[in-house]
Protein chains: 2
Amino acid sequence: MKSAASQAARSATLQSIAEASGVHRSTAARALDPAQAHRISPEVVEKVRAEAQRQGYRRDVIAASLRTGRSRLVGVVLPDLANPVFAPILDGVGAALAEAGYSMLVADGGADPARQTAIVEELIARRVDGLVLATARRSDPVLTVCLDAGVPTVLVNRAEDEARAATVASDDFCGMRLAVEHLAGLGHRRIGHLAGPEGLSTGILRRRGFEAAMLAAGLDPSASAVARAYNRTEGQAATAALLDASPGLTAIAASNDLLALGAYLELKRRGLSCPGNLSIVGHNDMPLVDMIDPPLTTVRIAHAEMGQAAAQLLLEKLADPAAEATVKLMPAELVLRGSTREPGRGRH
Amino acid sequence: MKSAASQAARSATLQSIAEASGVHRSTAARALDPAQAHRISPEVVEKVRAEAQRQGYRRDVIAASLRTGRSRLVGVVLPDLANPVFAPILDGVGAALAEAGYSMLVADGGADPARQTAIVEELIARRVDGLVLATARRSDPVLTVCLDAGVPTVLVNRAEDEARAATVASDDFCGMRLAVEHLAGLGHRRIGHLAGPEGLSTGILRRRGFEAAMLAAGLDPSASAVARAYNRTEGQAATAALLDASPGLTAIAASNDLLALGAYLELKRRGLSCPGNLSIVGHNDMPLVDMIDPPLTTVRIAHAEMGQAAAQLLLEKLADPAAEATVKLMPAELVLRGSTREPGRGRH
DNA sequence: ATTGGTTATGCAATCGATCGCACTATAAGC
DNA sequence: GCTTATAGTGCGATCGATTGCATAACCAAT
């Protein structure tokens, strides 16, 4: 019985349903399509549906794709799955897409635009209806490929300078301002910045946010070091450079939690304490940074919601390809924890 | 020029290549297929390839899928993308698949078998060549669906009691034994266990490993509490229950890092210190647990490698569908950090 | 009774690649 | 010189759903 059913499931085709119901394929197709069923008499619709049920029929998505040119498939390109920031984004994208009946082709494109392009071309060859890129550089060659190919594309987390595509990102500029205002409010005067890669919007916008906020507070924004990638190693190296170049800093505003954790490592190596000697603010509020030592004060980004919003934007674009490329900034929020305090109280 | 090229790319079809090269579609197809090109004269092969290059031809994967029944697509079902354990696994799977020219359809199936089944059926309808399930319960109804449908499937991270499918998991039994031996070696006698869900292999095997190791050390293995899911909240609740039911414990072996972190929270709530009052060992070595306070001693699982190995197993199965269902256990390794020490030294 | 307008359904082309089969030369064998 | 391989290509069916167009049936209105 069981195996008979699955046997049927494997071979149930529109043709077989049609024959068993005594109607033509096309009639069966229309009866099974909710959007077209109204053109068919209720009795036939019922008969066909029952037969489809009985045979365990499932429309062949591949065949349908070939005919219609649509696949109900969305490609998602990530820069680094090992970075804890991207899992929640992916989760959000997937949830919103699933709800709309789309599936998700996921690929880790790394940091190399050439490889990302190859991946995107592969995805396009697979006839994805749309693309979500979490890899965008400030001027992104990969997006050019997508646009040239006419594939609806949205950017998430990282934006381009010029908004050529719909984008959902965090309000990086304001987020960093929150961090600086917090530190300045505590009384810090000499604050350094751990900047992210300059080719990424997150790197440059947070840096500009830092500079603007520092100037607004009447402080000198020149103490900064640039990390070439968002990871602890780079963060530690950049912190070392920063501390060497700018002695006397009492606080660091990092553009990323992983960089902030790198800073933790460097402080430890130098026998300095956080927040005793140096206050540190991160950015992203990655999972678990609330439990590290000391708990990281950081700027929270609602990653899952960001992913959902990006998928939503893509769905709108799919529904209306002529739509404008909207840019949505998610508000950032400062989360106070233990890595910041008033300056000058020395070692704890 | 640019737009002409992409224009062509959009409409370049086997037919158009064939016409432009003055050969039949099928000849062009064979010339472009490395595995068949030898049946065609070198000159024709060259001519066709050049023309394909010129027109920017890419084989239509959809049409090919329809004809051949193969899609070079693998479905991956995860239980919880928000759990940091699964991103590295996904990463590993994706890397190995990409190398072999496969793409990855990713879906978060949650903890509900019914939803997981729906997702798997969706994936099968999309004609995936194979499936990777990270969701398996000890007796998994979802796997039954896959097997009935005749889709090559491998399990990763979680195994079934009865090995109906190829599986790559960590050696959970031995891993937990390492944890207990470590604690016993430090002198702990009253050790409790935070067990994971009993329906999961990770939950039950680690529990059995705990019990076996305790008995081997001549200790009483009866102090334990079960968490219904792997997260901090459940970990905290289970810890509370464990401490209440078994006063006098000096150490806890948790079956999961998130549960261990829940234990941290509960200790903090009770004003107890780790490792001063209580030593804690986790399981998984999730990202960042090396930086929490105190750094978590835990059992490391090579998640990315596990994902890669699972994908590898699936690729073998795809190459030879008749192959045996092998089960591969990845060795577990104890990572010593700051959350464990000799008992009885009271508050730090 | 004829025309006009619906409604319900059938027909057949289409999407693009793949592959078994058949055919034609040319080469090899006797 | 005649058969038998064999390499190189072409032909056309096929995968399964979709959809514009055609047709048939039916009802109402003039």
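None of the values given here were measured: they were computed from a predicted structure.

**Quick word on the sheet that holds strand 6 (residues 191-195) of chain A**
Residue and element names in this part refer to chain A. Pairing is mixed in the open sheet, where 6 strands are placed in the order 7-6-8-9-10-12. The sheet is open, and its two edges are formed by strand 7 (224-226) and strand 12 (333-335), each paired on a single side. Averaged over all pairs of adjacent strands, the angle between their axes in this sheet comes to 20 degrees, without regard to strand direction. As judged from the 4 bridges shared by strand 9 (residues 279-284) and strand 10 (residues 297-300), these two strands associate in the parallel manner. Paired with V281 across the bridge in strand 10 is T297.

**Looking at the environment of B:V145**
In this structure, B:V145 sits in helix 8 (residues 141-148). In this structure, B:V145 is in contact with B:T117, B:V120 and B:E121, ignoring residues within four places of it in sequence.

**Concerning the environment of B:L314**
Residues and elements named next belong to chain B. Within the secondary structure layout, L314 lies in helix 13 (residues 303-319). Taking the relative accessible area as the measure of exposure, L314 reaches 0% and is therefore buried. Considering only alpha carbons, one finds L314 and G130, 184 residues apart in sequence, at a separation of 7.1 Å. Excluding residues that lie within four positions of it along the chain, L314 makes contacts with V74, G130, L131, V132, P152, T153 and V154.

**Here's the deal with the packing of aromatic side chains**
Geometry of an aromatic ring pair is reported as the spacing of the ring centres plus the angle between the planes. For the structure on display, the rule yields 0 aromatic pairs over all chains. Over the ring of B:Y102 we find B:R72, and its NZ or CZ is 4.6 Å from the ring centre.

**Regarding helix 10 (residues 201-216) of chain A**
Residues and elements named next belong to chain A. In this model helix 10 runs 22 Å from its N-terminal to its C-terminal C-alpha over 16 residues, within 8% of the 22 Å that 1.5 Å per residue would give. Those residues of helix 10 that sit buried are S201, T202, G203, I204, R206, R207, G209, F210, A213 and M214. Here the buried face of helix 10 lies against helix 9 (172-186), strand 6, strand 7, strand 8 (251-254) and strand 9. Where helix 10 terminates, the next one or two residues include G218, which has phi positive at roughly 75 degrees.

**Things to note about the protein's contact with DNA strand D**
Taken together, 26 residues surround DNA strand D, and among them A:L14, A:Y57, A:R67, B:T27 and B:S41 come closest. Within the side chain of B:R67, one N or O atom sits 3.4 Å away from a base oxygen of DNA strand D. Classifying every residue of the surface near DNA strand D gives 8 nonpolar, 8 polar and 10 charged.

**A word on the confidence of the model for chain A**
On average, chain A scores 93 in pLDDT, and the residues at 70 or more come to 96%. Between residues 1-9 of chain A, whose pLDDT stays under 50, and residues either more than four places distant or in other chains, the model counts 5 contacts.

**Side note on the interface of chain B and chain A**
Counting residues at the interface gives 43 residues for chain B and 43 residues for chain A. Summed over both partners, the interface of chain B with chain A buries about 4100 Å², with 60% contributed by carbon and sulfur atoms. At the junction of chain B with chain A, the criterion picks out 4 salt bridges. Among the ionic pairs, A:R232 bridges to B:D290, the shortest N-O distance being 2.7 Å. For the pair chain B and chain A, the interface holds 16 residue pairs in polar contact (both at pLDDT 80 or more). Of all the elements in the fold, those that place two or more residues in the side of chain B that touches chain A are helix 1 (2-11), helix 5 (61-68), helix 6 (86-99), strand 2 (103-108), helix 7 (113-125) and helix 12 (257-270) of chain B. Sheet topology places strand 2 (residues 103-108) of chain A next to strand 2 of chain B; 3 bridges connect them, and they run antiparallel. Its bridge partner being in strand 2 of chain B, A:V106 is matched across the sheet by B:M104.

**A closer look at the nonpolar core**
Nonpolar side chains tend to gather and get buried jointly when the protein is soluble and globular. Counting residues in each nonpolar core, the largest one holds 116 residues, and the members touching the most others are A:V76, A:I280, B:L90 and B:I280. Excluding its chain neighbours within four sequence positions, the residues that come into contact with B:L90 are A:L81, A:L90, B:V76, B:L78, B:L81, B:M104 and B:V106. One finds A:I119, B:L131, B:V151 and B:A165 within the second-largest nonpolar core, a separate group that totals 34 residues.

**Describing the domain arrangement of chain A**
The assigned domain composition of chain A is domain 1 (4-59), domain 2 (71-170 + 303-333) and domain 3 (172-301). For domain 1 of chain A versus domain 3 of chain A, the distance between C-alpha centres works out to 61 Å.

**Observations regarding the protein's contact with DNA strand C**
Around DNA strand C there are 27 residues in total, and A:T27, B:L14, B:S26, B:Y57 and B:R67 lie nearest to it. Counting only the atoms of DNA strand C within 4 Å of the protein, the fraction contributed by sugar and phosphate is 60%. Within the backbone of B:L14, a nitrogen or oxygen atom sits 2.5 Å from a phosphate oxygen of DNA strand C. Between a base nitrogen of DNA strand C and a main-chain N or O atom of B:A63, the distance comes to 3.3 Å. Mapped by element, the contributors of at least two residues to the surface near DNA strand C are helix 3 (25-32) and helix 5 (61-68) of chain A together with helix 3 (25-32) and helix 5 of chain B. In terms of residue class, the surface near DNA strand C is made up of 8 nonpolar, 9 polar and 10 charged.

**Section: the relation of the copies chain B and chain A**
Superposition record for chain B on chain A: RMSD 0.1 Å, screw rotation 180 degrees, translation along axis 0.0 Å. Such a turn and shift between the copies fits a two-fold axis. It is B:I292 whose C-alpha, among those of chain B, lies nearest the rotation axis, at 1.7 Å. Of all interface residues in chain B, 100% are interface residues in chain A too; the two copies therefore contact each other through one and the same surface.

**Overview of unusual backbone geometry**
Residue A:P294 is reached from A:D293 by a cis peptide bond, and omega for that bond is -10 degrees. Within the secondary structure, A:P294 is located in the loop between strand 9 and strand 10. Unusually for a residue other than glycine, A:N157 sits at a positive phi of about 75 degrees. Considering the arrangement of structural elements, one finds A:N157 in the loop between strand 4 (153-156) and strand 5 (166-170). Residue B:R72 is not a glycine yet carries a positive backbone phi of 55 degrees. Checked against the element boundaries, B:R72 lands in the loop between helix 5 and strand 1 (73-78). Look at B:R72 and you get partly exposed, because its relative accessible area is 39%.

Each value, and the rule that gives it
- Each residue is numbered by its place in its chain's sequence as written, counting from 1.
- Each chain takes a letter, starting from A, and each ligand takes a number, starting from 1, following the order in which they are written.
- Residues qualify for local features only when their pLDDT is at least 70, as the model is predicted, and side-chain atom pairs are given and counted only at 80 or more; totals for whole chains, interfaces and linings, by contrast, use all residues.
- By convention in this description, side-chain values take in all heavy atoms of the structure and omit both hydrogens and water.
- Here, strands pair whenever DSSP counts at least two bridges between them.
- In this description a helix means any DSSP run of H or I spanning at least four residues, a strand means any run of E spanning at least two, and both kinds are numbered starting from the N terminus.
- Only C-alpha atoms enter the line fits that serve as axes; for helices the fit covers just the stretch in contact. Angles between N-to-C directions range over 0 to 180 degrees.
- Contact between two residues is taken to exist if any of their heavy atoms lie within 4.5 Å; hydrogens are not considered.
- Using a 1.4 Å probe on the protein chains alone, a residue whose accessible area is under 20% of its type maximum counts as buried, one over 50% counts as exposed, and one in between counts as partly exposed.
- In summary, the pairing rule links any two rings of Phe, Tyr or Trp, Trp by its six-membered ring, whose centres are within 6.5 Å, and it sorts them by plane angle into stacked for under 30 degrees, edge-to-face for over 60 and tilted for everything else.
- Whether a charge sits over a ring comes down to the Lys NZ or Arg CZ being within 6 Å of the ring centre and within 35 degrees of the ring normal.
- A helix is expected to span 1.5 Å multiplied by its residue count minus one.
- Any residue with a heavy atom lying within 4 Å of a molecule or strand is counted as near it.
- The term polar contact refers here to a pair of N or O atoms within 3.5 Å; inside protein, the definition further demands a hydrogen-donor-capable atom paired with an acceptor-capable atom, and it admits residues adjacent in sequence only when both atoms are side-chain atoms.
- Any residue that is not Ala, Val, Leu, Ile, Met, Phe, Trp, Tyr, Cys, Pro, Asp, Glu, Lys or Arg is counted as polar, Gly included; the first ten are nonpolar and the last four charged.
- pLDDT measures how confident the predictor is about each residue, on a scale from 0 to 100.
- Summed over both partners, the accessible area lost on bringing two parts together, with a 1.4 Å probe, is the buried area.
- Think of a salt bridge as a Lys or Arg side-chain nitrogen and an Asp or Glu carboxyl oxygen that are within 4 Å of each other.
- Each nonpolar core is a collection of buried residues, namely Ala, Val, Leu, Ile, Met, Phe, Trp, Tyr and Cys, held together in the definition by side-chain atoms within 4.5 Å.
- Domain limits in this description derive from either an automatic procedure or a database domain assignment.
- We superpose the copies by least squares over the C-alpha atoms of residues that have a pLDDT of at least 70 in both of them.

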